[in-house]
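Okay, here's what each chain looks like letter by letter:
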Amino acid sequence: MEKHWWHKATIYQIYPRSFMDSNGDGIGDIKGITSKLDYLQKLGITAIWLSPVYQSPMDDNGYDISDYEAIADIFGDMADMDELLAQANTRDIKIIMDLVVNHTSDEHAWFVEARQHPDSSERDFYIWRDQPNGLTSTFSGSAWQYDEVSGQYYLHLFSKRQPDLNWENETLRHKIYDMMNFWIDKGIGGFRMDVIDLIGKVPDQEITGNGPKLHDYLKEMNRASFGKYDLLTVGETWGATPEIAKQYSNPDNDELSMVFQFEHIGLQHKPDAPKWDFEKELNVPALKAIFNKWQTELELGQGWNSLFWNNHDLPRVLSIWGNTGEYREKSAKALAILLHLMRGTPYIYQGEEIGMTNYPFQTLDEVDDIESRNYAAEALENGMPIDDIMDSIRMIGRDNARTPMQWTAGSQAGFTTGHPWLPVNPNHERINVEAALADPNSIFYIYQQLVTLRKENDWLVDADFELQETVDKVFAYIRKTADDAYLVVANLSNQQQTFDLPVQVADVVITNTSAPQALASKSLEPWDAFCVKLA
Ligand code: TEU
Ligand code: CA
């Protein structure tokens, strides 16, 4: 299998609004990111996935783009972006841009023209119908918005201010490819592709994900833009199965490098229920089965996966699946060791490396995210008690991932000298970068060690995955090559668990406990996790 740089890379996701504010307006910005590159270089990551910084009315915090080739004023300007690229590249850190091309903002020039002039060529860049059908928006309500200028409805699978693009229109597609080449020519390291599985939609048949022309469009995009370069392209594909993931990421298919699939994340809510109907406890056996499927059915050379617990849309993993009390640090290390030693490219979401947690939102007016606000409005209308609504938002609302990065124990966690756009978590007094760097046993140094292990060990890419039979709450697997075998074990519970696997240890690779003792005693303390090389 041809190896690429991203097979051994670890990627760090930055949500620019919340990472670092350089000018005191309470909003993170590009200069703030540049000022923290030395920290990221210390962590050892190879690339940054930068959530959108383009011009936007910020209806969905930048996932509603009004100009793909301009920087939003609150984040800085194109000179700042060029400086970030230059400063990152001198540190061998690539910048992966967020490509949001399922939809634009309703303030994009194309949509303004399309809406005002129904006979314009831009009209067909979007999806207009005389009557709505049953399609609904992820952000609540119908996916069709009536527009009085033309008396038609336009499609928006997300907010009313995010009209879906019509990928059937060839002119539109080539304008997207031109924009992608504008960014490629700036020396970026690749693209994360927002809800890319939706661009093949067939609205009249109410088909949204995995539409019939989806892979044709991706092959055309590959040929017209990134295919000529060694870039990382990762598609956000909520509905992917291992078979579909092979279509996207088989090197012979000339589509993408890898996918973000979310089957494990689906365990955060009840089956076939909206995310707000969250599961209170991690179903470890189900988690093992999902990872076993993905690790074995996406065979080496036939496709490639990402590995993640967190992103800007998800609750902090410690709050929903880990422990935020006495085992906060130990559970964070266990989850990191378990995930990063599988096959795939790991993604670290800002603050995950220091064990940041959800935020204790008290009232609705503390909540910013349009998805949560629309959910709350709809749920209130349906008579749901505000306390139940706030329970859901506190556990699984997207703002939990978007509270400011916690740099110090000081004022506003060192994120801003002004008033932050979203409140800083009070626990920043003990959970912050400064404290983490000063503590050799911090979560940070486990992540740093995992990042280095991946860079230095081919087995992390090549070795096969064999799930081990264990008690429910223990997740154990062996990574095996022709010559070596590595055992990874994690007790994903607050209780002691038995673990009896007769093995000979040749070497301890990484651990948050005393691995040999745990193996000898045939029992694991809460959140014990380790990797050992087998004799
Ligand atoms: O998210 C895709 C998406 O569907 C998520 O919004 C997800 O369904 C939901 O958050 C689950 O809680 C991408 C971006 O990551 C997200 O931030 C954007 O809001 C969305 O697309 C629209 O661009
Ligand atoms: Ca700022």
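Up top is the structure.
Definitions and limits used
Within every chain, residues take consecutive numbers counted from 1 along the sequence as written. Here the convention is simple: chains get letters from A, ligands get numbers from 1, in the order in which they are written. For this predicted model, a pLDDT threshold of at least 70 governs which residues receive local features, and a threshold of 80 or more governs which side-chain atom pairs are given and counted, while totals over whole chains, interfaces and linings are taken from all residues. As a rule here, side-chain values come from all non-hydrogen atoms in the structure, and water together with hydrogens is ignored. The cutoff for a nearby residue is simple: one of its non-hydrogen atoms must lie within 4 Å of the molecule or strand. In protein, a polar contact means a hydrogen-donor-capable atom and an acceptor-capable atom, both N or O and within 3.5 Å, with residues adjacent in sequence counting only if both atoms are side-chain atoms; elsewhere, any N or O pair within 3.5 Å suffices. Using a 1.4 Å probe, accessible areas were evaluated by the Shrake-Rupley method; residue-level cover was limited to the displayed protein chains. Both site types are read off a 1 Å grid over the protein atoms alone. A 1.4 Å probe that fits but cannot get out defines a cavity, while an open set with protein on both sides within 12 Å along at least five of seven lines defines a pocket; lining residues have an atom within 4 Å of a point. Here the criterion for a molecule occupying a pocket or cavity is that more than half of its atoms lie within 2 Å of the pocket grid points. Polar here means any residue outside two lists: the nonpolar Ala, Val, Leu, Ile, Met, Phe, Trp, Tyr, Cys and Pro, and the charged Asp, Glu, Lys and Arg; Gly therefore counts as polar. Coordination partners: N, O, S within 2.8 Å of the metal, 3.2 Å for Na, K and Ca; water not considered, so apparent gaps in a site are possible. Here a helix means four or more residues in a row that DSSP labels H or I, a strand means two or more in a row labelled E, and each is numbered from the N terminus. Accessible area is worked out with a 1.4 Å probe on protein chains only. A residue is then buried under 20% of its type maximum, exposed over 50%, and partly exposed in between. In this description, strands pair whenever DSSP reports at least two bridges between them. Note on contacts: a residue pair qualifies if any of its non-hydrogen atoms lie within 4.5 Å across the two residues. To obtain each axis, a line is fitted to C-alpha atoms, and for helices this fit is confined to the stretch in contact; angles are then taken between N-to-C directions over 0 to 180 degrees. Only centres within 6.5 Å qualify two rings of Phe, Tyr or Trp (six-membered ring in Trp) as a pair; their planes then separate them into stacked at under 30 degrees, edge-to-face at over 60, and tilted for everything else.

Description of the site of ligand 1
Taken together, 18 residues surround ligand 1, and among them D60, D194, K275, D313 and R398 come closest. The contact in question runs from an oxygen atom of ligand 1 to an N or O atom on the side chain of R192, over 3.0 Å. Here an oxygen atom of ligand 1 and a side-chain polar atom of D194 are 2.9 Å apart. Across the complex, the protein chains shield 94% of the 480 Å² of accessible surface that ligand 1 would expose by itself. Among the cavities detected, the one that contains ligand 1 is the largest pocket. Across the shell around ligand 1, the residue classes tally to five nonpolar, four polar and nine charged.

Remarks on the coordination of the calcium ion (ligand 2)
The calcium ion (ligand 2) binds to the protein through D21 (OD), N23 (OD1), D25 (OD), I27 (O) and D29 (OD), with metal-donor distances spanning 2.3 Å. Mapping the donors of the calcium ion (ligand 2) onto the primary sequence gives the spacing D-x1-N-x1-D-x1-I-x1-D.

A few points about unusual backbone geometry
In this structure, M58 takes a positive phi of about 65 degrees despite not being glycine. Mapped onto the elements of the fold, M58 is located in the loop between β3 (54-55) and β4 (67-71). For M58, a relative accessible area of 15% puts it in the buried group.

Quick look at the sheet that holds strand β2 (residues 47-50)
Spatially, the eight strands line up as an open sheet ordered β11-β10-β9-β5-β2-β1-β13-β12, and their pairing is parallel. A single partner strand is all that each edge strand has here, and the edge strands are β11 (258-260) and β12 (306-307). Where strand β5 (residues 94-99) and strand β9 (residues 190-193) come together, four bridges link them in parallel fashion. Among the inter-strand pairings, I96 is bridged to a residue of β9, identified as G190. Together, β5 and β9 form the strand contacts of helix α5 (residues 170-184), whose direction differs from that of β9 by roughly 135 degrees.

A short note on the packing of aromatic side chains
Going through the model one piece at a time under the given rule, you end up with 32 aromatic pairs. Measuring from ring centre to ring centre gives 4.7 Å for Y359 and F361, while their planes differ by 55 degrees; the resulting arrangement is tilted. Residue Y359 is classed as buried on the basis of its relative accessible area, which comes to 9%. An aromatic cluster is defined as three or more aromatic residues linked by ring pairs; in this entry it consists of Y12, F19, Y39, W407, F444 and Y445.

Purely geometric stuff here, so don't read any function into it on its own.
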